Amino acid sequence: MLFNSLQFLLFFGVVTLAYFQLSWRGRWVLLLAASCYFYMVFKPEYILILAVTIIVDYFAGIWIEQASGPRRKAILVVSLISNVGFLAYFKYFNFFAQNLNKFLPHTQHFELLDYILPIGLSFHTFQAMSYTIEVYRGKQAAERHFGIYSLYVMFYPQLVAGPIERPQNLLPQFHTQFEYRWENLKEGLMRMAWGFFKKVVIADRLSVVVDAAYNHHDSSNGLSLLIATFFFTFQIYCDFSGYSDIAIGAARCMGFKLMDNFEAPYQSSSISEFWRRWHISLSTWFRDYLYIPLGGNRVGFWRANFNLFLVFMVSGLWHGAKWTFVIWGSLHGIYLVGARLRDYFFPKLNQRIPLMIQVGTTFVLVMLTWVFFRADGTTQALQILRKILAFSASDALLTPFNPTEMAFCVLLIGILLAKDCWFPQLPTQRNAPFWAILAVLLAACYFFGLYNSNQFIYFQF
Amino acid sequence: MRQALAYTLIVTLSLLWLAGCSSNVQRWLGTQGVLPDDYRYGDLYRLSNLSRFKAGRSTCFRQAHTLRPRVHLYVIGDSFLEETRIKKEDFGVEKYTYLHWKDSTQIVLDSNAVNLLLIETVERHAREHLAKAIRNYRVGNSQPETKAAKKDWLDFVFPTNVEEKLERLLFSNDIALYFRELKAELAYRWFGRLNDQVAISKDGLHLFTSMDTDTTTNRSSYSHLSDAELRQLAISAQESKLFYQNAGFDGVIFSIIPNKASILAPFDGNYNHLVEKLESRLSDSVISVYGIFTQNPSDFYEKSDSHWNCLGENTWLKQANLLIDKQLSQKIQTYPSIQTAK
């Protein structure tokens, strides 16, 4: 079920209230049952995929811990293959088949599979892989309680779109009997309210302009596409960070602490800083489980740069089985390698550039990559970029919004940036400001929210 | 105390959730008067929530038509002729069967009766409905067994349209409507934004379904209608008429109800005159109200609904019964024995 739905609000209310009426033994059962229901609302049959990966990884964790020598590695490999196997089959088979059919037409023709991608597959797969790898590295004890391990994979707030948690953070919390605390509830509700505001007021409103321009890019001019791309930069941030905030807030109400996934990414003064602030759970996952095993910064300069580019290319592919996502990830890889080369050959150059110019440049570079992320295909993306780069002052702004609504969108972006800059945490200590801000946010969500059943963008990954 | 409050909330939220999942519970709450009819102020008001177009739906009172013994009327129609609006007594027929366009069923015609078929469509769906052969009624020699649709246990645990049902349950009362109107007014005044399923006429006086005005589809009153397509629609309609006459019907009549926008705002766009053009090709087999409606356009449609009001309904019924009488008298002239022997 979508977070921005009445069904979820009732579900959340029932589950959270019931959680505190139960002892520890009842709590994990409740959360697991609730998480199963939450997932099955999308497509009931796909729970079987989760069940298989949970069973495989549960036993893999225990056997890895008990085994020694090459057998440990073999079990880990089997576990990783099963996880990556599901991902490869459901998410990437059609992509590779289409490309093989296109580029090797004289060889065997591959029939494409016809099914809906299991929701959250990329997220819970990575979270499960993190567990077996950490057990293998000896940094995490294997979880013996099958129900708790299942809950680790399926915990409903972060099941379908993260944050991608680490077992060291989450598993101990499932063994803890959290007492009800008013402070946690306030913190959680405020976080959820801000998340809803970002999603239904900002992201879904900006998406109207973005969709109008991108879905009719042939008839849109450079200015309209530039504005749409600028809006998409904030749409995707609000959509994804809004989801993360709702997930983190829902968990916090029950006492759980999930990791932060975003930290004001558009205040970054460099691309490497951007990736320390954007989708933090994914970027750290790739750092710890791909970049470092490839050698990290310990290998030679050129090898490290190649590894960095490779990791970001794979990160692009993780987002979706399309060349546009691969290009998007690769562009970030190129930016990062470019920055390293700049610092290597001209070490003092960056220090001479004022901070605001650095922030502005980073923003523009990131914004241009979002064209590939949003476009339907490479051809469309290139056409859009050509139009954006060639726009002239005589272009009229073609938008479905009237000037008041356009100004309102700019105001919303301003509120978002101001909040990121000056109020990273909304106040919850004192009751009066808490209730006042919560009421304002909820009223804004009601009166200015758009409820067109817009799915969260990252659900498709 | 806190625990009692928690349990009360759990039970309340769970009951609300259950009611949101179950159409049966909602129907029961409706019959008990707990859940108001969310169409009570009109289908267009329900979508737009604009208070300037809020009006109660009228209940139409009229006398039953004189009885027409041994006349069986079968209808294929839409919401204009739904069972809450038009009834058997309005035609005075011995047997009356209504079938919605989305359904189909097998029927057995009584050879001792005069069987008439009425095919009705609103203008915006006419091009879709009449473009292909009409076969909603399957005329057979025996009545098929009706099997109740089997429900999968998954449908019970994971029902569909939960969000819509919850919205109806929680936000269709008059207090919630006040806030919905406020929201709709804010969006319209500040952003010129409406629910995308409705449209307002250029003079701001009338509310339509956006299907009437959206020229990107062929449902709109203003979308282009070529002569070739018009010809094809007429041929298809005549073919369906011939099919049902051969199947045993004694008469087949058509009715195309004009779009609200065609009558109230024909000059807001380039009106394609589908109704007039198609009616002229269907000649004496069609119930026509277009000419009557255009004489006093503002008299025949509800302010807050896409359908006609009582005057519109009664006007159509009068024309329908006149045409039925004409069809029956033609039948008696051709087969005088019908009047006495049948």
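See the structure above.
The rules we used
- Along each chain, residue indices are assigned from 1 in the same order as the chain's sequence is written.
- Chains and ligands are labelled sequentially in the order written, the chains with letters from A and the ligands with numbers from 1.
- The predicted origin of the model limits local features to residues at a pLDDT of at least 70 and limits the giving and counting of side-chain atom pairs to 80 or more, whereas totals for whole chains, interfaces and linings rest on all residues.
- To obtain the side-chain values, all non-hydrogen atoms of the structure were used and water was disregarded.
- Helix and strand definitions follow DSSP, with helices as H or I runs of at least four residues and strands as E runs of at least two, each counted in order from the N terminus.
- Atoms counted for the radius of gyration: C-alpha only. Globule rule: 2.2 Å times residue count to the power 0.38.
- Accessible area is worked out with a 1.4 Å probe on protein chains only. A residue is then buried under 20% of its type maximum, exposed over 50%, and partly exposed in between.
- Residue contacts follow a heavy-atom distance rule, with two residues in contact if any of their heavy atoms lie within 4.5 Å.
- Accessible surface area values rest on a Shrake-Rupley calculation with a 1.4 Å probe, where residue burial reflects the displayed protein chains alone.
- When charges are counted, Lys and Arg are positive and Asp and Glu negative, with His and the chain ends excluded.
- Here the site of a charge means NZ on Lys, CZ on Arg, CG on Asp, or CD on Glu.
- Cysteine sulfur atoms are paired as a disulfide whenever they come within 2.5 Å of each other.
- Note on aromatic contacts: the rings of Phe and Tyr and the six-membered ring of Trp form a pair at centre separations within 6.5 Å, being stacked when their planes are under 30 degrees apart, edge-to-face when over 60 apart, and tilted otherwise.
- For a Lys NZ or an Arg CZ to count as sitting over a ring, it must be within 6 Å of the ring centre and within 35 degrees of the ring normal.
- Note on pairing: DSSP must find at least two bridges between two strands before they are called paired.
- Structural elements are reduced to axes, namely lines fitted to C-alpha atoms, with helices fitted over the stretch in contact, and the angle between N-to-C directions of any two is expressed from 0 to 180 degrees.
- In the analysis that follows, any N or O atom pair within 3.5 Å is treated as a polar contact, provided that within protein one partner can donate a hydrogen and the other can accept it, and provided that, for residues neighboring in sequence, both atoms belong to side chains.
- For cavity detection a 1 Å grid was placed over the protein atoms alone, and a set of points counts as a cavity when a 1.4 Å probe fits there but cannot get out; an open set counts as a pocket when protein lies on both sides within 12 Å along at least five of seven lines, with lining residues being those that have an atom within 4 Å of a point.
- Grid points are joined across faces, edges and corners, and a volume is the space filled by probe spheres set on the points.
- Basically, the charged four are Asp, Glu, Lys and Arg, the nonpolar ten are Ala, Val, Leu, Ile, Met, Phe, Trp, Tyr, Cys and Pro, and anything else, Gly included, counts as polar.
- Buried area: the accessible area, evaluated with a 1.4 Å probe, that two parts lose upon being put together, summed over both parts.
- A carboxyl oxygen of Asp or Glu within 4 Å of a side-chain nitrogen of Lys or Arg is what we treat as a salt bridge.

The subject of this paragraph is the overall build of chain A. Counting secondary structure elements, chain A contains 18 helices and zero strands. Taken against the 2.2 N^0.38 rule, which gives 23 Å for 461 residues, the C-alpha radius of gyration of chain A at 23 Å falls within 12% of a compact globule. Taken over the C-alpha atoms alone, chain A extends approximately 70 × 65 × 50 Å along its principal axes. In chain A, buried positions account for 56% of the 461 residues. When contacts within chain A are restricted to residue pairs at least 6 apart in sequence, long-range pairs at least 24 apart make up 77% of them. Total accessible area computed for chain A in this model is approximately 19,700 Å², and 66% of it derives from carbon and sulfur atoms. Placing the 35 positive and 25 negative side-chain charges of chain A at their respective mean positions leaves the two points 7 Å apart.

Moving on, we get to the state of the cysteines. A complete count under the given rule lists one disulfide over all chains for this structure. One disulfide bridge connects B:C60 with B:C310, the sulfur atoms lying 2.1 Å from each other. Sign of the S-S torsion, about -95 degrees for the bond between B:C60 and B:C310, identifies this disulfide as left-handed. With a gap of 250 residues between them, B:C60 in the loop between α3 (43-48) and β1 (68-77) and B:C310 in helix α12 (residues 310-334) connect regions that are remote in the sequence. Owing to a relative accessible area of 16%, B:C310 belongs among the buried residues under this scheme. No disulfide involves A:C238; its nearest neighbouring cysteine sulfur is the one of A:C409, lying 11 Å away. On the accessibility criterion, A:C238 (0% relative accessible area) is buried.

Okay, the packing of aromatic side chains next. On inspection of all chains with the given rule, the structure shows 89 aromatic pairs over all chains. Summarising the aromatic geometry, the rings of A:F230 and A:F363 are spaced 5.9 Å apart at their centres and angled 65 degrees between planes, so their arrangement reads as edge-to-face. Separated by 133 residues along the polypeptide, A:F230 in helix α10 (residues 222-253) and A:F363 in helix α15 (residues 355-374) bring together distant segments of the chain. Under the relative-accessibility criterion, A:F230 is labelled partly exposed at 29%. Lying across the ring of A:W318, A:K91 places its NZ or CZ 5.3 Å from the centre. A cation over an aromatic ring shows up here: B:K54 above the ring of B:Y41, its NZ or CZ 4.7 Å from the ring centre.

Looking now at the sheet that holds strand β9 (residues 286-287) of chain B. All names here are of chain B. Taken in spatial order, the five strands make up an open sheet running β2-β1-β4-β8-β9, and their pairing is parallel. The sheet terminates laterally at β2 (93-100) and β9, the two strands that pair on one side only. Sheet topology places strand β4 (residues 114-122) next to strand β8 (residues 251-257); seven bridges connect them, and they run parallel. Paired with L116 across the two strands is G251, which belongs to β8. Packed onto the sheet, helix α8 (residues 227-247) meets β1, β4 and β8 and runs at close to 145 degrees relative to β8. Across the sheet, helix α10 (residues 274-282) lies against β8 and β9, angled at about 170 degrees from β8, the strand it touches most.

Our focus in this paragraph is the side chain of B:R124. Relative to the elements of secondary structure, B:R124 occurs in helix α4 (residues 123-130). Engagement of the side chain of B:R124 in a polar contact is seen with the side chain of B:D212, the distance being 2.8 Å.

What follows deals with the pairing of β8(B). Residue and element names in this part refer to chain B. Where burial is concerned, most of β8 is hidden: seven out of the seven residues are buried. In the sheet, β8 pairs with β9 via two bridges, with the strands oriented parallel. From the neighbouring strand, F254 faces β9, where its bridge partner is V286.

Here we come to the layout of surface pockets. Residue and element names in this part refer to chain A. As a volume, the second largest pocket reaches approximately 790 Å³. Along the wall of the second largest pocket there are 30 residues; nearest its centre are I271, S272, W275, R276 and L336. Looking at the lining of the second largest pocket, the elements that each hand over two or more residues are α11 (271-277), α12 (280-291), α13 (301-319), α14 (323-345) and α15. Across the lining of the second largest pocket, the residue classes tally to 14 nonpolar, 11 polar and five charged.

What follows concerns the interface of chain A and chain B. Between chain A and chain B, the residue contacts involve 29 residues of the former and 28 residues of the latter. Around 2,600 Å² of area is buried between chain A and chain B when both sides are counted, 73% of it from carbon and sulfur atoms. Of all residues in chain A, A:L6, A:L10 and A:F447 give up the largest surface area on contact with chain B, accounting jointly for 25% of the area buried on that side. At the junction of chain A and chain B, the tally comes to one salt bridge. Put simply, A:E405 and B:R193 hold a salt bridge, and the shortest N to O gap is 3.0 Å. The set of elements that each furnish at least two residues to the side of chain A that touches chain B consists of α1 (6-19), α2 (24-40), α9 (182-214), α17 (403-422) and α18 (431-448) of chain A. Sort the elements by how many residues they give to the side of chain A that touches chain B and α1(A) lands first, with eight residues. Looking at the side of chain A that touches chain B residue by residue, the class counts come to 20 nonpolar, seven polar and two charged.

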